[in-house]
Amino acid sequence: MSSPVRQVPAPQVLVRGEVLLQVEPELAEVAVTVRARARDRETALERCRAAQERVTAVAVAAGDAVESVETTAVSVHLEVRDRRAPGEPVATVQTRLTVARLDAVGELVVALGRLDDVEVSGPRWRLRPDSPAVERARLDAVRDAVHRARQYARAFGAELTELLEVSDAGLGGGLRVAVASASMARFEDSELDLDLTPPRQEVHGAVEVRFAMSAPDLEVFRR
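Residues numbered from 1 in each chain as written. Predicted model: local features only at pLDDT ≥ 70, side-chain atom pairs only at ≥ 80, totals over all residues. Heavy atoms only, no water.

If you check an unreviewed UniProt entry, the chain appears there as SIMPL domain-containing protein from Blastococcus deserti.

### With respect to the side chain of Thr98
For Thr98, the location among the structural elements is in strand β4 (residues 88-99). Sequence-distant contacts of Thr98, defined by excluding residues within four places in its chain, comprise Leu27, Ala28, Glu29, Ala65, Val66, Glu67, Ser68, Glu70 and Arg126. (Helix = DSSP H or I, 4+ residues; strand = E, 2+ residues; numbered from the N terminus. Contact = heavy atoms within 4.5 Å.)

### As for the sheet that holds strand β2 (residues 27-37)
The strand order β3-β4-β2-β5 describes an open sheet built from four strands, whose pairing is antiparallel. The two strands at the open ends of the sheet, each matched to only one other strand, are β3 (66-79) and β5 (118-126). Neighbour-to-neighbour, the strand axes of the sheet open up by a mean angle of 15 degrees, direction not taken into account. Those strands touched by helix α2 (residues 105-113) are β2, β3, β4 and β5, and its axis lies near 165 degrees from that of β5. (Pairing = 2+ DSSP bridges. Axes fitted to C-alpha atoms, helices over the stretch in contact; angles between N-to-C directions.)

### Here we look at the environment of His77
Note that His77 resides in strand β3. For His77 and Glu88, which are 11 residues apart along the polypeptide, the C-alpha to C-alpha distance reads 8.1 Å. In this view, His77 contacts Glu88, Pro89 and Val90; residues no more than four positions away in its chain are not counted.

### Section: the nonpolar core
Ranked by size, the top nonpolar core spans 25 residues in total, and within it Val30, Leu97 and Leu112 carry the most contacts. For this core, the elements supplying multiple residues, two or more each, are β2, α1 (41-61), β4, α2 and β5. Examining the composition of this core, we find that six residues originate from one element, α1, more than from any other. Residues within four places of Leu112 in sequence aside, it is in contact with Val30, Val32, Val55, Val58, Leu97, Val118 and Val120. Grouped together as the second largest cluster of nonpolar side chains are 15 residues, Ala137, Ala145, Val203 and Val209 included. (Core = buried A, V, L, I, M, F, W, Y, C linked by side-chain atoms within 4.5 Å. Buried < 20%, exposed > 50% of the residue type's maximum accessible area, 1.4 Å probe, protein only.)

### Focus on the pattern of salt bridges
Scanning the model with the defined rule gives 18 salt bridges in all. For Glu208, the salt bridge identified is with Arg16, shortest N-O distance 3.7 Å. Placement of the pair is Glu208 in strand β8 (residues 201-213) and Arg16 in strand β1 (residues 12-23), with a sequence separation of 192 residues. The partly exposed category is assigned to Glu208, whose relative accessible area is 32%. Taking the shortest distance from any N to any O, the salt bridge between Asp117 and Arg47 comes out at 3.0 Å. Of this pair, Asp117 sits in the loop between α2 and β5 while Arg47 sits in helix α1, placing them 70 residues apart in sequence. (Salt bridge = Lys/Arg side-chain N within 4 Å of Asp/Glu carboxyl O.)

So, in structure tokens, the structure goes:
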């Protein structure tokens, strides 16, 4: 009785493809904090409301340069600066402005920085979640993986025969942004202008790919 023929599995190659792109940012985020204190809560809230209206007016005046205005936090509390005296009511509103026209960021920051009871910080540069750069990084990582796998196969005198598995090796978290400026004071000079240079964004793509390849050339091992 003849013994069954044992199937020898095809050799496999597992590679990691990677790419690091440097691209221009697409958006800038400016954080605005309105903070007003007074002897009583009603006055603090009124001052805060008035200052927030001025912030909104600046954003509206910027037109389509400002893509969105979002309130991120509101607080009203007593601030004690001297234990021997009663605390003062403080009202605070925090707003995030998303700027789509990057050439308008400097002018916007100056206009906001001139307002009373207002603190400005940022800008924080970033890409859009659906940025074409993200897709490009994924595809370039796949191309890098195929190129590496072919190199390995050729080194053994073989060639790739089949795609077996593809897994995302962590493109999420590959978007890193830089903050160009810290908290800014109030600006008085009407001719003041800020020339801001957005830092390039790094987009990292990585993928793990497994291929089957043809039988290696045994002569490779005898050299």
